[in-house]
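Descriptive analysis of the structure
The primary structure of each chain is shown beneath.
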Amino acid sequence: MVKVNYKRCGYCGACVGVCENLAINLIEHIVVIDEKKCSDCNLCVIVCPLNALEGEK
Amino acid sequence: MRELMDSYDVVVVGAGPGGSMASYASAKNGVKTLLIEKSQEIGEPVRCAEAIPSIEEFGIKPSPEFVRNIIKGGILFSPSGKKVVVTQGKAQGFVVERKIFDKYLAVRAGRAGAKIAVKSTVVGLERDGDYWNVIVEFLGEEYVVKTKIVIAADGVESNVAEYAGLKAKKKPLDICSCAEYEMTNVELFDKNMMEFYFGNDVAKGGYAWIFPKGETANVGLGVRDKKKKAIDYLEEFIENSLASDKLKNATPVEFKVGGAPVSGPIEKTYADGILVVGDAAGQISPLTGGGIYLAMDCGLMAGEVASKSIKSNNWSEDVLKEYEKLWKEKHYEYLLNHLKYRKILEKLSDDELDALAEALGDNLDGIDLKKFVKRIITKKPSLLKYFKDLI
């Protein structure tokens, strides 16, 4: 599953915008990824402006 | 919150400019309206460069309360530093303090009669006959709010449109990843001109900007790049670019990040009991990333159509499709043209961008598209292959 580095995250929501599985929610300032819905497509990793998301290699 | 323990005709999700305008129009027409905002502070965090071409046409005075600067035009910089000036039409406008402007618009909706729920997150939508049950979380408690119509104005991270079965998700390169420092002590070419910097090393798939904001300026950029991150481009822009000299004494007072959906509008912006507005609907220029004005205008239309349909007691998609007809009449061509221009620009190498700037001359004023293309192909026939489809 993709992991969020909360020390880097700027809570902009770009990652939510590309998640076809609706696995990501931005709840106020906190990006929450639903482990059951994440398909490891890593699209969110690409779009993050701050490199705050780490995909599984 | 007592606002969440009631039923409504219209529930608007997201208190950005689009959602607040939709709520304003709906409430003003006497329809029972709830505006739901997930943050505890409306307008925060700011995610954009804060420029808007027009506010007076909405009957809103450009008050110093939120207007930080009046913009007369823009200066475009090619990779080698060739300048092209634009001063007319949509290049004019204002730079606003979004956190104050957004709140002003929400207050305006509230004063028109809309109820507002803050720190409230919509986590689901359930169809219940001709109604929606909107599932909302507030302080860890779950509330079910019944409504006839939902207006999804929940931005780039829209899940609400998807909950209702509409397609609103984007591909990664359809979103411009933006990073920005608001800085003070920025040296400007002109305190009333926006600066735009182009180039594949400056901001691949997008551009860098300096938007003067009075005592500060928004210094940022948007990129579409699978390898290098917006933040890395930004540090590079500040340290080592055409603008570095003018930024050497500058220091940040705010940091902003955002994702601008620049692939054009989504396929369908209405269905039974739902309308989609603003960034969620892709109502944002694919060329400039400007979306405040479009969201406000389309939000207004959504609020009008929603309230009319409530009064006629029919909020099926047959009636609500009027919304898409209205906004497409006014903005569709503009959006598709900007998408077309962006797709041309992103193909150009840095040398070709320089050649384009040379061909355009110093000033773009009083020039229509035909003249624009003619100027390019007379002066730089090598660029013909990119621009021939425009005429």
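Quick note: structure is the one above.
Let me begin by describing the structure that accompanies this report.

How each quantity is defined
- Residues numbered from 1 in each chain as written.
- Chains lettered and ligands numbered in written order.
- Predicted model: local features only at pLDDT ≥ 70, side-chain atom pairs only at ≥ 80, totals over all residues.
- Heavy atoms only, no water.
- Core = buried A, V, L, I, M, F, W, Y, C linked by side-chain atoms within 4.5 Å.
- Buried < 20%, exposed > 50% of the residue type's maximum accessible area, 1.4 Å probe, protein only.
- Helix = DSSP H or I, 4+ residues; strand = E, 2+ residues; numbered from the N terminus.
- Pairing = 2+ DSSP bridges.
- 1 Å grid on protein atoms, 1.4 Å probe; cavity = no way out; pocket = protein on both sides within 12 Å on 5 of 7 lines; lining within 4 Å.
- Points joined across faces, edges and corners; volume = space filled by probe spheres on them.
- Nonpolar A, V, L, I, M, F, W, Y, C, P; charged D, E, K, R; others polar.
- Contact = heavy atoms within 4.5 Å.
- Buried area = accessible area lost by both parts, 1.4 Å probe.
- Salt bridge = Lys/Arg side-chain N within 4 Å of Asp/Glu carboxyl O.
- Polar contact = N/O pair within 3.5 Å; in protein donor to acceptor, adjacent residues only side chain to side chain.

1. Re the nonpolar core
With 49 residues, the main nonpolar core has A:Leu53, B:Ile210, B:Leu221, B:Phe237 and B:Leu247 as its most contacted residues. A total of 6 residues in this core trace back to one element, the largest contributor, which is helix H4 (residues 230-239) of chain B.

2. A short note on the pairing of strand S3 (residues 30-33) of chain A
Residue and element names in this part refer to chain A. The side-chain alternation of S3 yields one buried face, formed by Val 31 and Ile 33, and one unburied face, formed by Ile 30 and Val 32. Judged from the 4 bridges that link them, strand S2 (residues 24-27) and S3 form a sheet pairing that is antiparallel. Residue pairing in the sheet places Ile 27 in a bridge with Ile 30 of S3.

3. Description of the layout of surface pockets
Unoccupied space between atoms shows up once a probe the size of one water molecule is rolled over them. Here the second largest pocket is characterised by a volume of approximately 150 Å³. Lining the second largest pocket are A:Cys9, A:Gly10, A:Tyr11, B:Glu44, B:Pro45, B:Val46, B:Arg47, B:Lys99, B:Glu254, B:Phe255, B:Lys256 and B:Val257. Of the residues that constitute the lining of the second largest pocket, the class distribution is 6 nonpolar, 1 polar and 5 charged.

4. A short note on the interface of chain B and chain A
Counting from both sides, the interface comprises 28 residues of chain B and, opposite them, 26 residues of chain A. Both sides of the chain B and chain A interface together cover about 2,300 Å² of buried area, and 60% of this is carbon and sulfur. The largest share of the area that chain B buries against chain A comes from B:Lys169, B:Pro172 and B:Lys229, three residues that together contribute 26% of it. Our count for the contact surface shared by chain B and chain A stands at 1 salt bridge. As a salt-bridge pair, A:Glu28 and B:Lys119 come within 2.6 Å of each other at their nearest N and O atoms. The tally of links from chain B across to chain A stands at 14 residue pairs in polar contact (both at pLDDT 80 or more).

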